[in-house]
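Topology and contacts: notes
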Amino acid sequence: MEDRPVKIPSPLLSFVPIIVLVGLLFFAIRIFGSGTLDGASQIVLLVATAVCVLIAMSYCRVGWKTIEAAIVQNIASVTVALLILLLIGALSGSWMVSGIIPTMIYYGVQLIHPDIFLVSTCLICILVSVMTGSSWTTIATIGIALYGIGKMQGFGDGWIAGAIISGAYFGDKVSPLSDTTVLASSVTETPLFKHIQYMMITTVPSLVITLGIFLVAGFMHRTASADYILGFTQRLDATYRISLWLLLVPAVMGIMIARRTPALITLFVSATLAGVFAVFFQNGLLHEIAGTETDGAAATFKGLLQVFFASTSVETGDTMLNELVGTRGMAGMMNTIWLIICAMCFGGAMTAGNMLASITSVFLRFMKRTAGLVGSTIFSGIFLNICTADQYLSIILTGNMFKNIYRRKGYESRLLSRTLEDGITVTSPLVPWNTCGMTQSAVLGVSTFVYLPYCFFNLISPLMSIFVAMLGFKIKKIVSDEEDQDFAAR
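Note that the structure is a prediction, hence the values are computed from the model and not measured.

What counts as what
- All residue numbers refer to positions counted from 1 along the written sequence of the respective chain.
- For a predicted model such as this one, the threshold for reporting local features is a pLDDT of at least 70, and the threshold for listing and counting side-chain atom pairs is 80 or more; totals across whole chains, interfaces and linings nevertheless cover every residue.
- Values shown for side chains rest on all heavy atoms present in the structure; no hydrogens or waters enter the calculation.
- Secondary structure elements follow DSSP: runs of H or I of four or more residues count as helices, runs of E of two or more count as strands, with numbering from the N terminus.
- Classification of residues uses two cut-offs on accessible area relative to the type maximum, computed with a 1.4 Å probe and protein chains only: under 20% is buried, over 50% is exposed, and between them is partly exposed.
- Where helices are involved, their axes are fitted lines through C-alpha atoms of the stretch in contact, as for all axes, and angles between N-to-C directions lie from 0 to 180°.
- Here the angle decides the label: under 35 degrees means roughly parallel, over 145 means roughly antiparallel, 65 to 115 means roughly perpendicular, and every other value means oblique.
- Put simply, a crossing is left-handed when the front helix is turned counterclockwise from the back one by less than a right angle, and right-handed when it is turned clockwise.
- Pairs of residues are marked as contacts when any of their non-hydrogen atoms sit within 4.5 Å.
- Pairing of aromatic rings covers Phe, Tyr and Trp, the last through its six-membered ring, and needs centres within 6.5 Å; plane angles under 30 degrees mean stacked, over 60 mean edge-to-face, and all others mean tilted.
- Here, a salt bridge means any side-chain nitrogen of Lys or Arg that lies within 4 Å of a carboxyl oxygen of Asp or Glu.

**A word on unusual backbone geometry**
Despite not being glycine, Arg61 shows a phi value in the positive range, around 65 degrees. By the element assignment, Arg61 lies in the loop between α3 (40-58) and α4 (64-77). By relative accessible area, Arg61 is classed as partly exposed at 31%. If you check the backbone angles, Asn354 has positive phi at about 60 degrees while not being a glycine. Checked against the element boundaries, Asn354 lands in the loop between α18 (334-352) and α19 (355-363).

Following this line, the structure appears as structure tokens:
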């Protein structure tokens, strides 16, 4: 018996799973609030996946094996990211309990003036992310320390996280060491440094505006009193053994990154080394974490393992500081990992059912001018960020979808590569169920919806890309419009 031919769903029908997803998420967020990511969002994604599978199998005539293969492939594509997430959980726990992050906070709060804290935070994250090429590593290390400094100085969660993420994703976008930078240039067949140089036309103005906003906001901020900050630093000093020797661990990590050591190895070594320092510098805290059931070497060993895999709390005498120095370890990343797997199921089902291709075809109708072409690319990328929940998949799918269109219309490949980064790389942390959004929210402990309005660089970049396209600045066509029309008519 021959298989029935696959039917391509209409854009309207393809939007049904998206409507179900958005509708259920709306109610879940209203009911569960900040606890939505603890399980409600995952169930919503699975329900939307079931709706997608139902349409794909009943109407589109796509077999279950095809859908299953697409889902498995999607999940396999984020396996390394899931391992990195687990190691980030171990890293953040070990860096906190060992005293590395408290030491950074202790000295940082004395060095960074509150008036320029937000702009300094953004610039520091830019520097680190450009050198590392990783927004995830930047936020999980120096980002957590800066978050602590900001909290001490009285800044809101959204402002601090927005400054951290804005700076971290600048480097993720332009660093030659960044996976997304290399991927965007590779997919579009654009030389890497030509791609980076061309991105500066939209990236630098976006950054200047962002830094201006953070600078003004910093001067308008009502700073916490000097006595309040002094009290925080004193409690840190009383709880942890503060020492500049602890900064050797970030230094070793920096060297490994400079030598381009794989991320998994770098994170593992950094977490392990921090654990060793915890034994020598914070042995008393390890015993406190282990509890009273054990003592001596057994308590040290038990406390150290708990730092890596479990939630830990340290009593500092201040409720806010207790929350700041509390850690979640590897176990704290499980909700995020669960969410990523569910999101990959949804993206795989949408892809297998040809629904993504059907929806993105709608954007092709707005490509009569340069601004329309760039805008369609950006909106397609953002849409895929929402649907596939992964920036790498979004870059690959959008790049392959538009590559021939840009080529046919006579545009240089660097225009497409820049647009991919402007529309996809920087918007990925703004989607709550995207791998980037889930990770940054979990690492910083700040809901995506809380920091989203303050990620000015991430919000401005797509708009700047469309604005520059409207101006036509530095946008060249290889063939004329007449040749393009002749080519299309053949």
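Past the structure itself, the notes keep going.
**Things to note about the packing of helix α6 (residues 100-111) against helix α8 (residues 135-152)**
α8 packs onto α6 with a crossing angle of 50 degrees between their chain directions and a minimal axis gap of 9 Å. Classified by the interaxial angle, the pair formed by α6 and α8 is oblique. Crossing angle aside, the handedness with which α6 passes α8 is right-handed. Listed contacts from α8 to Ile101, Met104, Ile105, Gly108 and Val109 of α6 are Ile142, Ile144, Ala145, Gly148, Ile149 and Met152.

**Things to note about the packing of aromatic side chains**
Using the criterion set out here, one finds twelve aromatic pairs in the structure. With 5.8 Å between their ring centres and 5 degrees between their planes, Phe277 and Phe281 make a pair best called stacked. Of this pair, Phe277 and Phe281 both sit in helix α14 (residues 263-281), separated by four residues, roughly a single helical turn. One exposure class covers both Phe277 and Phe281, and it is buried. By way of ring pairs, the aromatic residues Trp159, Phe214, Tyr454 and Phe456 are connected into one cluster.

**Quick notes on the pattern of salt bridges**
Scanning the entire structure with this criterion turns up four salt bridges. In this structure, Asp422 and Lys173 form a salt bridge, with 2.4 Å as the shortest nitrogen-oxygen distance. A residue pair is termed long-range when its members are at least 10 positions apart, and Asp422 in helix α22 (residues 413-425) and Lys173 in helix α9 (residues 157-174) qualify at 249 residues. The exposure class of Lys173 is buried, given its relative accessible area of 0%. Salt-bridge contacts for Glu412 lead to Arg414; the nearest nitrogen and oxygen are separated by 3.1 Å. Like Glu412, the residue Arg414 is buried in the burial classification.

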